[in-house]
Amino acid sequence: MFLFFLFIKEVSFLTLFQSQSETKGLSAEFMQIYRSREVGQSYVTSVWTTLVAIAHALWLMIKIRPQVVLCNGPGTCIPLCVIAFFFKVVGIRWSSIFYVESLARVKRLSLSGLLLYKLRIADQFFVQWPHLQRKYPRAHYVGCLM
Amino acid sequence: MGEARDGVKVKRVVFVTVGTTCFDALVKVADSQEVKDELYRRGYTDLLIQMGRGSYLPTKSTGDDGSLAVDYFTFSSSIADHLRSASLVISHAGSGSIFETLQLGKPLIVVVNEDLMDNHQSELAEELAERKHLYCARPLTLHQTIAGMDLNSLVPYSPGDATPVAKLINRFLGFPEES
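Quick summary incoming for the structure in this document.

Rules used in this analysis
Residues numbered from 1 in each chain as written. Chains lettered and ligands numbered in written order. Predicted model: local features only at pLDDT ≥ 70, side-chain atom pairs only at ≥ 80, totals over all residues. Heavy atoms only, no water. Core = buried A, V, L, I, M, F, W, Y, C linked by side-chain atoms within 4.5 Å. Buried < 20%, exposed > 50% of the residue type's maximum accessible area, 1.4 Å probe, protein only. Helix = DSSP H or I, 4+ residues; strand = E, 2+ residues; numbered from the N terminus. Contact = heavy atoms within 4.5 Å. Patch = residues over 30% accessible without salt bridge, like charges linked within 9 Å, V, L, I, M, F, W, Y side chains within 5 Å. Areas by Shrake-Rupley, 256 points an atom, 1.4 Å probe, with all protein chains shown as cover. Salt bridge = Lys/Arg side-chain N within 4 Å of Asp/Glu carboxyl O. Pairing = 2+ DSSP bridges. Right-handed = clockwise from strand over helix to strand, strands pointing away. Axes fitted to C-alpha atoms, helices over the stretch in contact; angles between N-to-C directions.

Quick word on the nonpolar core
All names here are of chain B.
Item 1. Membership of the largest hydrophobic core comes to 25 residues, with the highest contact counts inside it found for I98, F99, L102, L124 and L128.
Item 2. Among the elements of the structure, β1 (13-17), α4 (95-103), β5 (108-111) and α5 (121-130) are those that each provide at least two residues to this core.
Item 3. Apart from residues lying up to four places away in sequence, I98 is in contact with H92, A93, L108, V110, L124, L128 and L134.
Item 4. The next biggest cluster of nonpolar side chains, apart from the first, holds 24 residues, and it includes V14, V18, Y44 and L142.

Below, the structure written as structure tokens:
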């Protein structure tokens, strides 16, 4: 039995996912997590909110201990991915980390994507537009998902 | 939506949406006489504007005087119904709005918000416009786009498929391949 950690930014997709998983007989739990930084928030206050987000992420990771982390882009996923990666490196817990870059990213990666790609935190990195796969060869091009 | 009577004009609605953003430039230009006249000339009867967090309020009009009927609202829990009943959609460059509209097979003009910093959204609109799935415009060029558009030349968008990702993830995790 695998535990999955899935990040959904849009609440509308959340309800869609909820109803779809119910019809497929999957048990799914949904929770909200803290953001490191709101859009337009000053970088100074972001230091504190990022620390709060990291502490919250650490608590969640210890409590849930997922085998798979699957995320699609918002910066909210970074603390969780970093902690999962850290656990992996020090041998506490192995979580596979998959990152799917946003459909809106055609020519440039998002900041989250850049971090997870360059620091090799993601085990597999997926992009939806071919130009990105040429620019970032370790990424897998999977076409538009929507 | 009104009883069927002989001589009743068929409603052709233009739906303008800015999603959850503030995009006064689009709302203002959609409400401008130039754009409204152009839309009326192209055979549209109604203009419905979803104005989001903007502060500019369009002018409502019943359209009884032989012009475009105009109405607006800020938000609704789902714009799917408005998209479905529209004959033309004019949207900000949010990927959610764009793909929701394309998947419904509606003609779409995407207007890029030039006031946004780090406008990566325009990349998506421009790429899809290059592939002829929609028209791309700026607020100041919207009326020209409307005047010159040929909706029959738009290529329908085929919905994407998430199976490649699932297959790659399954393979990585060591699950047996399904035939």
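Moving on from the model shown.
A closer look at a nonpolar patch on the surface
Item 1. Residues A:V47, A:W48, A:L51 and A:I54 make up a contiguous nonpolar surface patch of about 440 Å² in total accessible area.
Item 2. By secondary structure assignment, the location of A:W48 is in helix α2 (residues 43-64).

What about the pairing of strand β2 (residues 68-71) of chain A?
Residues and elements named next belong to chain A.
Item 1. Where β2 lies against strand β3 (residues 96-100), four bridges are found, and the strand directions are parallel. Along β3, the bridge assignment pairs V69 with I97.
Item 2. Note on the crossover from β2 through helix α3 (residues 77-90) to β3: the handedness is right-handed.

Quick notes on unusual backbone geometry
Item 1. Unlike most non-glycine residues, A:R65 shows phi in positive territory, near 45 degrees.
Item 2. Relative to the helices and strands, A:R65 is located in the loop between α2 and β2.
Item 3. Non-glycine residue B:K132 carries a positive phi angle of around 65 degrees.

Points about the environment of A:L116
Residues and elements named next belong to chain A.
Item 1. Counting through the fold element by element, L116 comes out in helix α4 (residues 111-118).
Item 2. The sequence separation of L116 and C81 amounts to 35 residues, and the corresponding C-alpha distance is 8.1 Å.
Item 3. Setting aside residues up to four positions removed in sequence, L116 forms contacts with I78, C81, Y99, I121, A122 and F125.

Some remarks on the environment of B:L39
All names here are of chain B.
Item 1. Residue position: L39 is located in helix α2 (residues 33-41).
Item 2. Taking the C-alpha atoms as reference points, L39 and F175, 136 residues apart in sequence, are found 55 Å from one another.
Item 3. Setting aside anything within four residues of it in sequence, one finds L39 in contact with V14, Y44, L47, L68, L88 and I146.

Focus: the sheet that holds β5(B)
Residues and elements named next belong to chain B.
Item 1. Within the open sheet, the six strands sit side by side as β3-β2-β1-β4-β5-β6. Their pairing is parallel. If you trace the sheet from one side to the other, it starts and ends with β3 (69-73) and β6 (135-137), each paired once. Neighbouring strand axes in the sheet, compared pairwise and without regard to direction, differ in orientation by 15 degrees on average.
Item 2. One ladder, built from three bridges, connects β5 with β6; its direction is parallel. Looking at β6, one finds that V111 is bridged to A137.

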